[in-house]
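Listed here are the chains, written in short residue letters.
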Amino acid sequence: MISALDDSEVRRILVVMAHPDDVDFSSAGSIATWTDQGIEVTYLIVTDGDAGGFDTAVPRSEIPGIRRAEQRAAAKCVGVDDVRFLGHPDGRVEATFDLRRDIARVIRQVRPDRVLTSSPERNYERIAPSHPDHRVVGGATLDAVYPDARNAFAHPELLRDEGLDAWTVREVWIAGGPAPNKHVDVTDVFDRKLAALRAHVSQTAHMDGLDQMLRGFLTRNAEAAGFAEGRLAEVFQVVPTA
C-alpha cells in the first residue's frame, strides 16, 4: 500500500480537470476537508464545458459563461476561491505539447505539494469516467508533473519569458484511478459536496435522485475501505512523484 503525504505536510493543492463539475463529482468532499485544514486549493479547468448541458433553449454561445460561473459558485461551497480556465474546446481536447505546457505553467505558478487529476486509463466497468477529455487531461497532467514542471529545460519560455522556476510536485492523486489505494471520509462534508454539485444547475437540475445516487457511490467506497457503517468516502489512486 502506497502511503500518501499526511495533510499536515501539504500547503497547496492544484486540481486539474477537463470540465466544470468533474472535480465536484469526483472530489469535492475531499477538497472541503482540505480547505477546512487551511490548505490552499486551486482549480484548473481545461475546457468551459461548452458541449454539455440539457437545455436546448439556451444558445450554445452562452454555455461557456454559464458553466464558468457555476464552477466558481461550486468552488465556494468547498472553500476554493482560485478557479482558472484554459478554454480548450469541450470534447476535442488533444494530448499536445502545448497542453502540457499550459498545465506545467500553472504548476509552476501555484507550486503545489499535491496535484489531483482524472484517470488517463479507460474504465471498462463504467464508461462515464472514460470521457476522452478526462483521459487526455489526466495523461497530460501526469506528463506536466513529470517531467515538464520540474525540468528547468522543458518549456524554456516559461522561465525565460515568465520567470517561472521549475517545481517538483510531491504526489499526484488520481480520481477514479485503476488501482485505488486511498479513501477519504467525506461523511461530515457531504452536504457541501451536494451543494457544490447543485451549483452546476445546467448539469444537475434535472437529476431528481442526485442525493441518493451520490450516497450510493460514496457508501460503496466506504465499505470497500472498511469504514464503519453509514460512512461515506471518495476514492483515489495516489502516485508518489518526488
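Everything discussed here concerns the structure shown above.
Caption draft 1: Examining the overall build of the chain more closely. In terms of regular secondary structure, the chain is built from eight helices and seven strands. If one aligns the C-alpha atoms of the chain with their principal axes, the spans along those axes are about 50 × 45 × 35 Å. For the chain, buried positions account for 48% of its 242 residues. Contacts in the chain between residues at least 24 apart in sequence constitute 79% of all its contacts with a sequence separation of at least 6. Accessible area for the chain stands at about 11,200 Å²; split by element, carbon and sulfur atoms hold 51% of it. Seen as two clouds, the 28 positive and the 38 negative side-chain charges of the chain have centres 2 Å apart.

Caption draft 2: Fine view of the sheet that holds strand E4 (residues 114-118). Overall, mixed pairing links the seven strands, which are arranged E3-E2-E1-E4-E5-E7-E6 in an open sheet. Strand pairing shows two members of the sheet lacking a second neighbour, strand E3 (82-88) and strand E6 (182-185), which therefore form its edges. Strand-to-strand twist of the sheet, defined as the mean angle between neighbouring strand axes without regard to direction, takes the value 25°. Here five bridges tie strand E2 (residues 40-47) to E3, and the two strands are oriented parallel to one another.

Caption draft 3: Main features of the pattern of salt bridges. Counting across every chain of the model gives 18 salt bridges. For Lys76, the salt bridge is made with Asp81, and the minimal N-O distance between the two is 3.5 Å. The burial state of Lys76 is the same as that of Asp81; both residues are exposed. The salt bridge partner of Arg105 is Asp102, with a shortest N-O separation of 3.3 Å. Here Arg105 pairs with Asp102, and both are found in helix H3 (residues 97-110), just three residues apart, close to one helical turn. As far as burial versus exposure is concerned, Arg105 and Asp102 are alike and both buried. By sharing partners, the salt bridges in this structure join Asp98, Arg101, Asp102, Arg105 and Glu162 into a single network.

Rules and cut-offs
Residues numbered from 1 in each chain as written. Predicted model: local features only at pLDDT ≥ 70, side-chain atom pairs only at ≥ 80, totals over all residues. Heavy atoms only, no water. Helix = DSSP H or I, 4+ residues; strand = E, 2+ residues; numbered from the N terminus. Buried < 20%, exposed > 50% of the residue type's maximum accessible area, 1.4 Å probe, protein only. Contact = heavy atoms within 4.5 Å. Areas by Shrake-Rupley, 256 points an atom, 1.4 Å probe, with all protein chains shown as cover. Lys, Arg positive; Asp, Glu negative; His and termini not counted. Charge placed at Lys NZ, Arg CZ, Asp CG, Glu CD. Pairing = 2+ DSSP bridges. Axes fitted to C-alpha atoms, helices over the stretch in contact; angles between N-to-C directions. Salt bridge = Lys/Arg side-chain N within 4 Å of Asp/Glu carboxyl O.

Remember that the coordinates give geometry; whether it matters functionally is a separate question.
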